[in-house]
Amino acid sequence: MSKVEEFEELRPLLFSIAYRILGSVGEAEDAVQETWLRFDGSATRPTSTKAFLSATVTRISIDVLRSARVRREEYVGPWFPEPLLTDPYQDPARSAELAESVSMAALLLLERLSPLERSVFVLREVFGFGFDEIASAVGRSEAACRQLLVRARKHMQAGRPRFEANRQERHELATRFVDALREGDVAGLRDLLAADVSMVGDAGGKAPQLAKAVIGAQNVARLLASVIPWMARVDVTFEPHEVNGQPGAIFRDRDGKVLTILVLDVLDGRIQTIRSVLNPDKLDHLGPVADAWAVDREAKRARQRSR
């Protein structure tokens, strides 16, 4: 097998490692590309290509994350990971770990860890690497890696997200949610929301958003029902779609450009959290991005004309 073939076979794994460490599709893709350049430029073939490439992409991701954390501290408003529609790496033996670890809630928990703790947790708990491989990847002893994992587990277990296990039920609830949005059905929306539901948006100061944070079923339902139908009036479409392994929706303008992404946390048949990603910088990997400001102005004008 050639170097290119070996690398391409492992590319999905490398991207999935980098994305979970970085929470950014673009940065993960860059880390994978840099890994290829180092592999291609190496004069010797490693004993284990998988171990070599996984260690390389992990070290690159750690360096990127350390610099990214400073930017995130200065970020305008709430920060969310870049939405991922499909995880390229699949392993039936670890499907539960992979699905849980890519959710928005889990990625936000990972943000609380140090870069080393995050990397050790991802390699061990999500992908099942041995401590010898992890030690090589992060440049620490096996004993130190075990301690890093203990600390990481404590942080993660304290806030570990819980989700509806039945995928079909989650999909059906998301479809009902989108239908109620289109109709501006306050009662219908309220029936789908947990009493203490929270709605939070990440616009990064680069797009309009409904609100930074809204709490409570009645408040969230009223706000959504007062705004979203007017977006439909200006030909915004809502498409139920899985996002980061969770039910969600993609909003598009009349030209099919991505306007925003909604992600829903579902438990006990109710929506617990609604997260929206509106920052265009976090959507451009999904295709052409809409001018959210223009859509917002048009929707407001349509609402004013109806009065």
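Structure shown above.
Attention here is on the structure that accompanies the text. What you see as residue numbers is a count from 1 along each chain, following the sequence as written. This being a predicted model, a pLDDT of at least 70 is required before a residue's local features are given, and a value of 80 or more before pairs of side-chain atoms are given or counted; all residues contribute to the totals for chains, interfaces and linings. The basis for the side-chain values is all heavy atoms of the structure; hydrogens and waters are excluded.

It is worth spelling out the overall build of the protein chain at this point. For the protein chain, the count of helices and strands is 12 helices and six strands. Its C-alpha atoms give the protein chain a radius of gyration of 21 Å, near enough to 19 Å, the size a compact globule of 307 residues would have. In terms of its C-alpha atoms, the protein chain occupies a principal-axis envelope of roughly 70 × 35 × 35 Å. Whether a residue is buried, partly exposed or exposed follows from its accessible area with a 1.4 Å probe, protein chains only, as a fraction of its type maximum: under 20%, in between, or over 50%, in that order. Burial statistics for the protein chain: of 307 residues in total, 50% are counted as buried. Elements are defined by DSSP. Helices are runs of H or I of four residues or more, strands are runs of E of two residues or more, and each kind is numbered from the N terminus. Here the globule rule reads 2.2 Å times residues to the power 0.38, and the radius of gyration is calculated from C-alpha atoms.

For A195, the position within the fold is in strand β1 (residues 193-202). Between the C-alpha atom of A195 and that of K50, which follows or precedes it by 145 residues, the distance is 47 Å.

It is worth spelling out the sheet that holds strand β5 (residues 258-267) at this point. Strand pairing in a sheet relies on backbone hydrogen bonds. The paired strands run either parallel or antiparallel. Strands qualify as paired when DSSP identifies two bridges or more between them. Across the sheet, which stays open at both edges, the six strands sit in the order β2-β1-β6-β5-β4-β3 with mixed pairing between neighbours. Since the sheet does not close on itself, it has two edges, and those belong to β2 (213-215) and β3 (237-240), each with one partner. Going from strand to strand, the sheet's axes swing by 15° on average, the running direction of each strand aside. Sheet analysis places strand β4 (residues 248-252) next to β5, joined by five bridges and oriented antiparallel. The residue of β5 that forms the bridge with F251 is T260. We call two residues contacting when some pair of their heavy atoms lies within 4.5 Å. An axis is simply a line fitted to the C-alpha atoms; with a helix, the fit covers only the stretch in contact. Between two such axes, the angle follows the N-to-C directions and lies from 0 to 180 degrees. Its contacts with the sheet put helix α11 (residues 217-233) on β1, β2, β3, β4, β5 and β6 (270-277), and the angle it makes with β1 is roughly 50°.

This part covers the environment of L148. As for its position among the elements, L148 is in helix α8 (residues 142-158). The buried category is assigned to L148, whose relative accessible area is 8%. When near neighbours in sequence (up to four residues on either side) are disregarded, L148 contacts L116, E117 and V120.

Turning our attention to the side chain of S101. For S101, the position within the fold is in helix α4 (residues 95-101). The definition of a polar contact used here is a pair of N or O atoms within 3.5 Å, where within protein one atom must be able to donate a hydrogen and the other to accept one, and adjacent residues in sequence count solely through side-chain atom pairs. A polar side-chain atom of S101 sits 3.1 Å from the main-chain carbonyl oxygen of L98. Not counting chain neighbours up to four residues away, the residues in contact with S101 comprise R20, A106, L107 and V126.

What a helix should span is 1.5 Å times the count of its residues minus one. Compared with an ideal rise of 1.5 Å per residue, which puts 17 residues at 24 Å, helix α9 (residues 167-183) spans 25 Å between its outermost C-alpha atoms and is within 8% of the ideal. Of the residues making up α9, those classed as buried are R170, L173, A174, F177, V178, A180 and L181. Projected down its long axis, α9 carries its buried residues within an arc of 160°, all on one side. Counted as exposed and oriented over 90 degrees from the buried face of α9: R176 and E183. The directions considered for the arc are those from the helix axis to the C-beta atoms.

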